[in-house]
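# Coordinates in review
Here are the chains, one letter per residue:
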Number of protein chains: 2
Amino acid sequence: MKMKTITLKTLICILALALFGFTGKGAEPESFPAKLPATKPSDRPLSSAMQRFYDEWDGKEDYAKDLYTAFKYTRLKGFEERDNFSRRDPSKIVRVKGVYHVWYTGRKTDSPPAGANATDTIPATDWDLADIWHATSKDGYVWEEQGIAVKRPESGVYGHRTICTPDILVWKGKYYLYFQAYKEFTHPWGQIYCPVSVAYADSPNGPWTFVKEPVVRPGTSGAWDNAKINDPYPIVFNGRICLYYKGAPVERGHEYITRMQGLVTATDPLGPFEKSSFNPIFNSGHETALFPFKAGVAAIVSLDGPEKNTIQWSPDGENFEIVSHVMAPPIAPGAFVPDAFAGNGDGRGITWGLCHINPDGGGATNESILARFDCDLSLDVERDEFKRSNLRFGDETYFNNPFVVDEKLRRQIAADQKKVDTDTIGTE
Amino acid sequence: MKMKTITLKTLICILALALFGFTGKGAEPESFPAKLPATKPSDRPLSSAMQRFYDEWDGKEDYAKDLYTAFKYTRLKGFEERDNFSRRDPSKIVRVKGVYHVWYTGRKTDSPPAGANATDTIPATDWDLADIWHATSKDGYVWEEQGIAVKRPESGVYGHRTICTPDILVWKGKYYLYFQAYKEFTHPWGQIYCPVSVAYADSPNGPWTFVKEPVVRPGTSGAWDNAKINDPYPIVFNGRICLYYKGAPVERGHEYITRMQGLVTATDPLGPFEKSSFNPIFNSGHETALFPFKAGVAAIVSLDGPEKNTIQWSPDGENFEIVSHVMAPPIAPGAFVPDAFAGNGDGRGITWGLCHINPDGGGATNESILARFDCDLSLDVERDEFKRSNLRFGDETYFNNPFVVDEKLRRQIAADQKKVDTDTIGTE
């Protein structure tokens, strides 16, 4: 409960009260003003919240922040076919000669994911037995599916079981797709060894050359990322290829790291990649999207961990601070980041991208769909509608997954209620 | 962007790297371990995120925190009648002789809210021309509406136009309802003068005596709360009646305070109430719910401000720190807090309550409904299901309000896209 911090702050406040509130003048401090002081007031006691407002939040409401946004969502055209055809984990979007390109995990199987009952042809999860697919669009709404860009390789090679969660790098005129490469069966909650592999091409339309040797491998035994390098996400920053990833250890349980993220860097897209000494560099998030912003790097951190649903920024690409809290950020976002590889120290931000949705509010075992998100995390647009907070869900949200009380939970709640509900103290 | 903080932290990290990473031994620091160190490691460089993980987040994942929870929602029985009958802003729930009681804003008018076209009988907003209603339940799911508990008073008295957002105090065996009391027309975004008034009774079933003189008035000219005392919320803490409220000034615009909250205290339920010198004590939130927790006070802070969607805790009821980030917290929650008035320094927390939902994802002008929420913010239950994060919305959420791109916004996005979308730099 951070008692020490609080106690110290409280002490300071009490001292401030003593100094400003109960002086010989007998003057109580004036009320805090309606007009927000531009800098932290030093002439009155401040609550912890008002101290944070200046120290942590820069004295600004959400709407005044470049890196605050609401998100809006739109259904896409061109991805209608479903029936055991799942599309998820869209890459960043690259525009070449006016055409938008996206790559994603595509799973087209004869049956739905079956968890532990998976076989060589029945997938375990939504991202099992998948290949890397490619689609193009002229407007970002209507997409033409181009089919498989990178097919999973032959037996014995990492990726033979499934390749998934691709992301794209453009480096010296060539194209590089990084993706998770599983050799073995991948069940929903298992921690199977997963390195990152790469394929390259001279054009966004391929053909793609699959590099059989993984380029980023999990850490050594005991390391925080010793089982998995997931969700590889490359940008160019400070002259280097910065590939962000979500790591996971083999070990499971509350005493082990569950959702942290790291960085590897290289000057050649085929490696070697070197892990940052600062790793982990995110303590939260899931399929984190990053983009150059001003002279640094911004990140959309979602779903998991103590800093879930925040936008963060770092001057060096490794040390990130929370800038804002956001609602309903896109899941597995792949933004259109025209300067993702510019490395020019002048990141302009993003206005839209693709993401995936698990239609029934599940995650691991269902068909996913791709959707478009719009936002204002850009220095070049003015969109008041996206700077609003106080966003209220409709009843479609509350009475569907993951917010429904199932029968098992209902029984537990009834039993708990019987146990802990008493008459309100003081009404006897 | 808090450059100073980051630069200092980065500097410390670089120094740490120099010390631990590039010493005469030539040893690179080991990878961060899979098993989370119980205390902040001092023998290796730490990213800003890992420093925060220990300094701000207590070295704990969400599931390990008493004050982290997911929320689940259930439709209620007994409130079916709709058709210009809006129910919202449920009070804390009080249980007396085995029966649960709740009070709420009830608006039963002949026509829906009409904003600026309101008249003496046509409401402006969802909470206009309302009275305080009362319902009882034996199980928390099926409610019996008891009708109006407190009716708005005669002309000339604060509350004549509307009384709304009630909350309940039990003090020395008597019952006190506090509520917003508008004398004038209240339009959706106006900042009309609004004090808090009170009614009292010997029993939760009334009859209620309306006190004509408001008990808490807005601040003086220039103060942060000079227009409105909204969402009054009383608990007993440290021997005093602590009434939390959302304040707002008359002044509107980005340079003025928009969503902060304060505290008034008293030792008599009818006042006088004294404002805390620390006010504002929340920099974020909307209809904040509070409850005694351990020796302090916990708060569910939602919807608005830089710290939206957090659970906070304070040892003194005035200086709050963020404990966790939550998803989809209840709107305008009224929890069942059996020890809300116990003042015994041993708050046990909450497991359920009522909230309101604006069914179409709107806020100001639609009929609202009451729903039940369940959670685990209690020291007395063990509910693993509520300690989960990684909660994914279904497509019902993304393709409904407030996440839909309307026609006007679609045009703006199309215009922006034409202006700012370029070919990806490096693909020429």
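In this report, we go over the structure that sits alongside the text. Residue indices follow the written sequence of each chain, beginning from 1 at its first position. The naming scheme follows written order: chains are lettered A onward, ligands numbered 1 onward. Since the coordinates come from a predicted model, pLDDT governs what is reported: local features require at least 70, and pairs of side-chain atoms require 80 or more to be given and counted, while whole-chain, interface and lining totals use all residues. Only hydrogens and water are set aside when side-chain values are computed; all heavy atoms of the structure are taken into account.

### Let's talk about the relation of the copies chain A and chain B
Rule in force here: The atoms used to superpose the copies are C-alpha atoms, taken from residues with pLDDT of at least 70 in both, and the fit is least squares. Any two residues whose heavy atoms approach within 4.5 Å are treated as being in contact.
With an RMSD of 0.0 Å, chain A superimposes on chain B once it is rotated by 180° and translated 0.0 Å along the axis. Classification of the inter-copy transformation places it as that of a two-fold axis. A share of 99% of interface residues in chain A that are also interface residues in chain B marks the association as one of identical surfaces.

### Points about the side chain of Asp-374 of chain A
Applicable threshold: Helix numbers and strand numbers start at the N terminus; a helix is a DSSP run of H or I with at least 4 residues, a strand a run of E with at least 2. A 3.5 Å cut-off defines polar contacts: any pair of N or O atoms within that distance qualifies, except that in protein one atom must be a possible hydrogen donor and the other a possible acceptor, and neighbouring residues in sequence count only when both atoms are side-chain atoms.
Secondary-structure assignment places Asp-374 of chain A in strand β21 (residues 369–378). Separated by 2.9 Å, the side chains of Asp-374 of chain A and Arg-372 of chain A make a polar contact. With near-sequence residues (within four places) excluded, Asp-374 of chain A lies in contact with Ala-70, Phe-71, Lys-72, Thr-74, Tyr-141, Thr-351, Trp-352, Arg-383 and Phe-386 of chain A together with Val-405 and Ile-413 of chain B.

### Quick notes on the packing of aromatic side chains
Note the threshold: Side-chain rings of Phe, Tyr and Trp (the six-membered ring for Trp) are treated as a pair once their centres are within 6.5 Å; stacked means planes under 30 degrees apart, edge-to-face means over 60, and tilted covers the remaining angles. Using a 1.4 Å probe on the protein chains alone, a residue whose accessible area is under 20% of its type maximum counts as buried, one over 50% counts as exposed, and one in between counts as partly exposed.
Inspection of every chain in the model, using the stated rule, returns 43 aromatic pairs over all chains. Relative to Phe-403 of chain B, the ring of Tyr-73 of chain A lies with its centre 6.2 Å away and its plane at 65°, an arrangement referred to as edge-to-face. Of this pair, Tyr-73 of chain A sits in strand β1 (residues 72–75) while Phe-403 of chain B sits in the loop between α3 (395–398) and α4 (407–420), on two different chains. You can call Tyr-73 of chain A buried: its relative accessible area is 3%. Here Trp-103 of chain B and Trp-208 of chain B contribute two aromatic rings whose centre-to-centre distance is 6.0 Å and whose plane-to-plane angle is 80°, an arrangement assigned as edge-to-face. Of the two residues, Trp-103 of chain B is situated in strand β4 (residues 99–108) and Trp-208 of chain B in the loop between β9 (196–201) and β10 (209–210); the sequence distance between them amounts to 105 residues.

### Quick look at the sheet that holds strand β13 (residues 260–266) of chain A
Residues and elements named next belong to chain A. Here is the rule we go by: DSSP calls a pair of strands paired once it identifies at least 2 bridges connecting them.
Pairing in this open sheet of 4 strands is antiparallel, and the strands run β11-β12-β13-β14 from one edge to the other. Each having just a single partner strand, β11 (228–237) and β14 (274–275) make up the two edges of the open sheet. Here β11 pairs with strand β12 (residues 240–248) via 8 bridges, running antiparallel. Bridge pairing in β12 places Val-236 opposite Ile-241.

### Focus on the interface of chain A and chain B
Heads up, the rule is: Should a side-chain nitrogen of Lys or Arg be within 4 Å of a carboxyl oxygen of Asp or Glu, the pair is scored as a salt bridge.
Taken together, the contacts link 160 residues of chain A with 159 residues of chain B. At the surface where chain A touches chain B, the tally comes to 11 salt bridges. Between Arg-52 of chain A and Glu-321 of chain B there is a salt bridge whose closest N-O contact spans 3.3 Å. Inspection of the chain A/chain B interface yields 80 residue pairs in polar contact (both at pLDDT 80 or more).

### Describing the sheet that holds β10 of chain B
In space, the 4 strands of this open sheet follow the order β7-β8-β9-β10 (chain B), with antiparallel pairing throughout. Only two strands of the sheet have a single partner each, and these edge strands are β7 (162–171) and β10 of chain B.

### Observations concerning unusual backbone geometry
Note the cis peptide between Gly-271 of chain A and Pro-272 of chain A, where omega equals 5°. Inspection of the secondary structure assignment puts Pro-272 of chain A in the loop between β13 and β14. One non-glycine residue, Ala-328 of chain A, lies in the positive phi region at around 50°. Note on placement: Ala-328 of chain A falls in the loop between β18 (321–325) and β19 (334–335). Residue Ala-328 of chain A is classed as buried on the basis of its relative accessible area, which comes to 4%. For Asn-390 of chain B, which is not glycine, the phi torsion reads 60° and is therefore positive. Within the element layout of this structure, Asn-390 of chain B appears in the loop between β21 (369–378) and α3.

### Points about the pattern of salt bridges
If you walk through the whole model with that rule in mind, you get 59 salt bridges over all chains. Between Arg-95 of chain B and Asp-423 of chain A there is a salt bridge, with its nearest N and O atoms 2.9 Å apart. Remark: Asp-423 of chain A occurs in the segment after α4 (407–420) and Arg-95 of chain B occurs in strand β3 (residues 94–96); the pair is interchain, linking two chains. For Asp-423 of chain A, a relative accessible area of 25% puts it in the partly exposed group. As a salt-bridge pair, Asp-374 of chain B and Arg-372 of chain B come within 3.0 Å of each other at their nearest N and O atoms. Accessibility expressed as a relative area gives 0% for Asp-374 of chain B, which makes it buried. Each member of the salt-bridge network shares a partner with another, and the members are Arg-88, Asp-89, Arg-107 and Asp-126 of chain A.

### Some points on the environment of Ala-340 of chain B
All names here are of chain B. Its location among the elements puts Ala-340 in the loop between β19 (334–335) and β20 (347–357). Here the alpha-carbon distance between Ala-340 and Ile-235, two residues 105 residues apart in the chain, equals 5.4 Å. Those residues in contact with Ala-340, other than ones at most four positions away along the chain, are Lys-92, Ile-235, Val-236 and Pro-292.

### Section: the environment of Gly-98 of chain B
Mapped onto the secondary structure, Gly-98 of chain B falls in the loop between β3 and β4. Between the alpha carbons of Gly-98 of chain B and Lys-138 of chain B there is a distance of 6.9 Å; along the sequence they are 40 residues apart. Other than its neighbours up to four places away in sequence, Gly-98 of chain B contacts Asp-423 of chain A together with Lys-138 of chain B.

### Some thoughts on the nonpolar core
For clarity, the cut-off: For our purposes a nonpolar core is just a set of buried Ala, Val, Leu, Ile, Met, Phe, Trp, Tyr and Cys residues, chained together by side-chain atoms within 4.5 Å.
In terms of nonpolar packing, the biggest core is built from 188 residues, with Tyr-244 of chain A together with Val-150, Trp-208 and Tyr-244 of chain B touching the most fellow members. Those residues in contact with Tyr-244 of chain B, other than ones at most four positions away along the chain, are Asp-231, Pro-232, Tyr-233, Ile-235, Gly-262, Leu-263, Ile-281, Phe-282, Leu-290, Val-297, Gly-317 and Phe-320 of chain B.

### So, α4 of chain A
The line we're drawing: Multiplying 1.5 Å by the helix residue count minus one yields the expected span of that helix. This arc describes the spread of directions from the helix axis toward the C-beta atoms.
The first and last C-alpha atoms of α4 of chain A sit 20 Å apart over 14 residues, in line with the 20 Å expected at 1.5 Å per residue. The set of residues buried in α4 of chain A consists of Leu-409, Ile-413, Asp-416, Gln-417 and Val-420 of chain A. Projected down its long axis, α4 of chain A shows its buried positions confined to an angular sector of 105°, all on one face. Opposite the buried face of α4 of chain A, by more than 90 degrees, sit the exposed residues Glu-407, Lys-408, Arg-411, Lys-418 and Lys-419 of chain A. Structurally, α4 of chain A contributes buried residues whose contacts are with β1 (72–75), β4, β20 and β21 of chain B.

### Digging into the environment of Gly-78 of chain A
Residues and elements named next belong to chain A. Structurally, Gly-78 can be placed in the loop between β1 and β2 (85–88). You can call Gly-78 partly exposed: its relative accessible area is 28%. Among residues more than four places away in sequence, those in contact with Gly-78 are Trp-143 and Glu-145.

### Re the pairing of strand β7 (residues 162–171) of chain A
Residue and element names in this part refer to chain A. Most of β7 is tucked away: 10 of the 10 residues are buried. The sheet contact formed by β7 and strand β8 (residues 174–182) spans 8 bridges and is antiparallel. Following the sheet pairing, Leu-169 is matched in β8 by Tyr-176. Where β7 folds back on β8, the antiparallel hairpin that results is connected by 2 residues, among which Lys-172 adopts a positive phi of roughly 50°.

Everything listed here is a matter of coordinates, which is why it stays silent on function.
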